[in-house]
Amino acid sequence: MPLSVDRPRSDLLVMFGASGDLAKKKLFPAIYRLERRGLLGIPVIGVALDDWTDDDLRNHARASIAEQGEEWDDDAFERLAANLRYVSGDYTDPATFEKLRAAAGPAEHPIFHFAIPPSMFATVADGIAGVGLADGARLVIEKPFGRDHDSAVELNDTLHQHFPESAIFRIDHFVGKEALRSLLVTRFANAIVEPLWNRNVVSAVKITMAEAFGVEDRGAFYDSVGAMRDVMQNHLLQMVALLAMEQPVKEDARSLRDEKAKVLEACRPVDPTHFVRGQYDGYLEVPGVRPGSDTETYAAFRLDIDCPRWSGVPFFLRAGKALERTVTEMTIEFKAPPRPMWIPEHSHLPHNSIRIEVKPENFAALTWLRKEPGDEMMPTAVTLAPAPDERADIGPEPYELLIEEAMTGDPTLFAREDSVLESWRVVDRILDEYPEVQRYSQGSWGPRRAADLVRHHGGWPEEPPGEHQ
């Protein structure tokens, strides 16, 4: 979207949590890529508690970028390093923000990235405003935005004391992935898709975000949020909104976000009887995890959307760690023919479906039935998908894209206040009325009860019978 006169570009980037894991793995590589493309070119201030110097920050940035395997460009890094500054201090100490004010110099439109624990969002926002840096500024807020509906309302109220809604960019890096942005083109640029994308022919929608690795070194953080708050309330419900939304009346940020909000508003609160929680064996031994913790590392639930397009179509969402493989995908399954000819009564042939893989590859695939070669009229499943060498995501990395969008003031790919609150409303009940956590083996597909959730709807995609442990 082209810039307008009331959306000036940011002239300073401040990274709170500059010594943390997110900055190391995602943010420093992202701003380096922007610098390589000539899209950064502004001072960058890192803020953290560590007793570092400017050179310490530069060395940390260099190591972070190298560890992610980025193609090295000495000139680009030197330009970035020349713009890097560091402010050390406690976020609860007003003196930290006085030092930040001095380091910010003449900047008129700073952008502040909160790569910090959610409990510190309000404190840091107050500190920024307290030294006069809020006017003309923007905030990039990492998820989870609050811990439930009421805390999200309270956090919004606190931020709005200093920042208008137009200055708050709630980031969800999944929405920046190429496959999800391509989904809108798939849906609305192809006339053959629209007649299929509704309750008349769709039997179920299944969304998976599986990770083959565990919590690793994030035990203390993860134990405070769990799978529901970490990815289900935000990543997966944003995917639902993109998949289920109506075509926007215009190709602008407001129209797109209006349609996403309508989907979430139409979602029923999740029924606790349709919710499964799991925890992988060995989680309690992870450093930072509380003794006897019942935090879920796996969550799955059924979602119902009360709107003309989707009424009666169940959406099944699951996410978990230490599962069989790493994959993020959406599967739209179509109803079986009223009289499926030549198919044995108890056949396990798959339904017609459209599968959209977001990770590790980026592609969409269509599955249908055809006659198996030979004399017998025996159907066999065929999947049409791009060749492996055509599945690479060659666009900008999600954080690279989203930081640039925030710097230009384009809110299209960021979550709006009403959508965030509706997402919390959808899951609020199961945050309080949750079932007992079920154990599952590492390398499995999660707890057995998750299979029961979809038993009458064809099972989870690509999951052989008996896979659950």
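Now for a description of the structure that goes with this document. (Residues numbered from 1 in each chain as written. Predicted model: local features only at pLDDT ≥ 70, side-chain atom pairs only at ≥ 80, totals over all residues. Heavy atoms only, no water.)

Turning our attention to the nonpolar core. Formed by 144 residues in total, the largest nonpolar core has its most connected members in Phe16, Phe114, Trp310 and Phe315. Among the elements that make up this core, the one with the highest residue count is helix 8 (residues 219-244) (13 residues). Excluding anything up to four places from it in sequence, Phe16 contacts Val47, Tyr91, Phe97, Leu100, Phe112, His113, Phe114, Ala115, Ile116, Val124 and Ile128. (Core = buried A, V, L, I, M, F, W, Y, C linked by side-chain atoms within 4.5 Å. Buried < 20%, exposed > 50% of the residue type's maximum accessible area, 1.4 Å probe, protein only. Helix = DSSP H or I, 4+ residues; strand = E, 2+ residues; numbered from the N terminus. Contact = heavy atoms within 4.5 Å.)

On to the side chain of Gln238. Turning to its location among the elements, Gln238 is positioned in helix 8. The contacts of Gln238, once residues within four sequence positions are left out, are Asp172, Val175, Lys260, Leu264 and Ala415.

Let's shift gears to the pattern of salt bridges. Inspection of every chain in the model, using the stated rule, returns 29 salt bridges. As a salt-bridge pair, Asp55 and Arg58 come within 2.9 Å of each other at their nearest N and O atoms. With Asp55 and Arg58 both in helix 2 (residues 54-67), this residue pair falls 3 residues apart, about one helical turn. Taking the relative accessible area as the measure of exposure, Asp55 reaches 46% and is therefore partly exposed. Notably, a salt bridge pairs Glu357 with Arg355, separated by 2.6 Å at the nearest N-O pair. Assigned by exposure class, Glu357 and Arg355 land together as buried. The network of salt bridges with common partners includes Arg33, Arg37, Glu70 and Glu400. (Salt bridge = Lys/Arg side-chain N within 4 Å of Asp/Glu carboxyl O.)

Attention now moves to the environment of Ile31. Mapping Ile31 onto the fold places it in helix 1 (residues 21-36). Assessed through its relative accessible area of 0%, Ile31 is described here as buried. Expressed as a C-alpha distance, the spacing of Ile31 and Glu372, which sit 341 residues apart in the sequence, is 52 Å. The contact partners of Ile31, leaving out residues within four places of it in the chain, are Leu13, Met15, Leu40, Val44, Leu80 and Ile403.

This paragraph deals with the pairing of strand 4 (residues 110-114). Of all 5 residues in strand 4, 5 are buried, a share of seventy percent or more. Of the two faces of strand 4, the one lined by Pro110, Phe112 and Phe114 and the one lined by Ile111 and His113 are each fully buried. Note: strand 1 (residues 12-16) against strand 4, 5 bridges, orientation parallel. Of the residues in strand 4, the one forming a bridge with Leu13 is Ile111. (Pairing = 2+ DSSP bridges.)

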